[in-house]
Amino acid sequence: MVEQGVTRAFFPHGIGHFLGIKVHDVAGKLEPSPADAPFLRLTRTLEEGMVVTIEPGLYIIPSLLDPVLNGPLGEHFNHEVIDDLRGCGGIRIEDNVVVTADGARNLTREMGG
Ligand SMILES: [Mn+2]
């Protein structure tokens, strides 16, 4: 599904970005994004103390979905469910996470968000 570009039809942006003074903070992209993920905003190796977002989403955007649904892979999808979701736009969860020496702390969850 990833190789065929199907996931990008439902999730067209990167999984997260740095947080700092600006909402979409700078310096996350010292290396260029891979060709198959041009909207990736963070290509650096994470280090302790860095704060990033983790923001998975699922979107129902006709201009992105319809070419996939009407293409050779279309038979693999439940069109009825997708049609029911048309008009809702989609959903995204966005957590703010600080990298620690042995993992991460989810700041959003700690605040009850
Ligand atoms: Mn964001």
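Thresholds applied
Residues numbered from 1 in each chain as written. Predicted model: local features only at pLDDT ≥ 70, side-chain atom pairs only at ≥ 80, totals over all residues. Heavy atoms only, no water. UniProt positions renumbered as here; feature names shortened; annotations may be inferred. Core = buried A, V, L, I, M, F, W, Y, C linked by side-chain atoms within 4.5 Å. Buried < 20%, exposed > 50% of the residue type's maximum accessible area, 1.4 Å probe, protein only. Helix = DSSP H or I, 4+ residues; strand = E, 2+ residues; numbered from the N terminus. Donors = N, O, S within 2.8 Å, 3.2 Å for Na, K, Ca; no water. Arc of directions from axis to C-beta. Contact = heavy atoms within 4.5 Å. Pairing = 2+ DSSP bridges. Axes fitted to C-alpha atoms, helices over the stretch in contact; angles between N-to-C directions.

Taking an unreviewed UniProt entry as the reference, the protein chain is identified by name as Peptidase M24 domain-containing protein belonging to Marinobacter similis. Here the protein chain is described in UniProt, under the heading Cofactor (unreviewed entry), as follows: "Mn(2+)".

What about the nonpolar core?
The biggest cluster of nonpolar side chains holds nine residues, and these are Val-6, Ala-9, Phe-10, Ile-60, Leu-65, Val-68, Leu-69, Phe-77 and Ile-82. Looking at this core, the elements that each hand over two or more residues are α1 (6-10) and α2 (62-69). Judged by nonpolar contacts, the second largest core, of five residues, contains Phe-18, Leu-42, Met-50 and Val-52.

A word on the coordination of the manganese ion
Under perfect tetrahedral coordination by four donors, a metal shows angles of 109.5 degrees; under perfect octahedral coordination by six donors, it shows angles of 90 or 180 degrees. Taken together, the protein donors to the manganese ion comprise His-17 (NE2), Glu-55 (OE) and Glu-94 (OE), at separations of 2.2 to 2.4 Å. Taken in chain order, the donor set of the manganese ion reads H-x37-E-x38-E. You can see His-17 sitting in the loop between α1 and β1 (51-54) and its partner Glu-55 sitting in the loop between β1 and β2 (57-59), a full 38 residues away along the chain. When its relative accessible area of 2% is taken as the criterion, His-17 is described as buried. Assessed through its relative accessible area of 2%, Glu-55 is described here as buried.

Comments concerning the UniProt feature "domain: Peptidase M24" (unreviewed entry) in the protein chain
Mapped onto this numbering, the UniProt entry gives "domain: Peptidase M24" (unreviewed entry) at residues 8-101. Measuring from the first to the last C-alpha atom of residues 8-101 gives 32 Å, for a span that is 19% helix and 17% strand.

Thoughts on α2
Residues lying three or four places apart along an α-helix face the same way, a consequence of the helix completing one turn every 3.6 residues. Where α2 is concerned, the buried positions are Leu-65, Val-68 and Leu-69. With its buried residues spanning 95° around the axis, α2 presents them on a single face. Across from the buried face of α2, at angles greater than 90 degrees, the exposed residues are Ser-63 and Pro-67. Elements that come into contact with the buried residues of α2 comprise α1, β2 and α3 (79-85).

Section: the sheet that holds β1
A sheet is described by the order of its strands in space; here three strands give the open sequence β1-β4-β5, paired in antiparallel fashion. Two strands bound the open sheet, and with one partner strand each, they are β1 and β5 (103-106). Going across the sheet, the axis of each strand differs from the next one's by a mean of 40°, ignoring polarity. Direction of pairing for β1 relative to strand β4 (residues 95-100): antiparallel, over a ladder of four bridges. Bridging across to β4, Val-51 finds its partner in Val-98.

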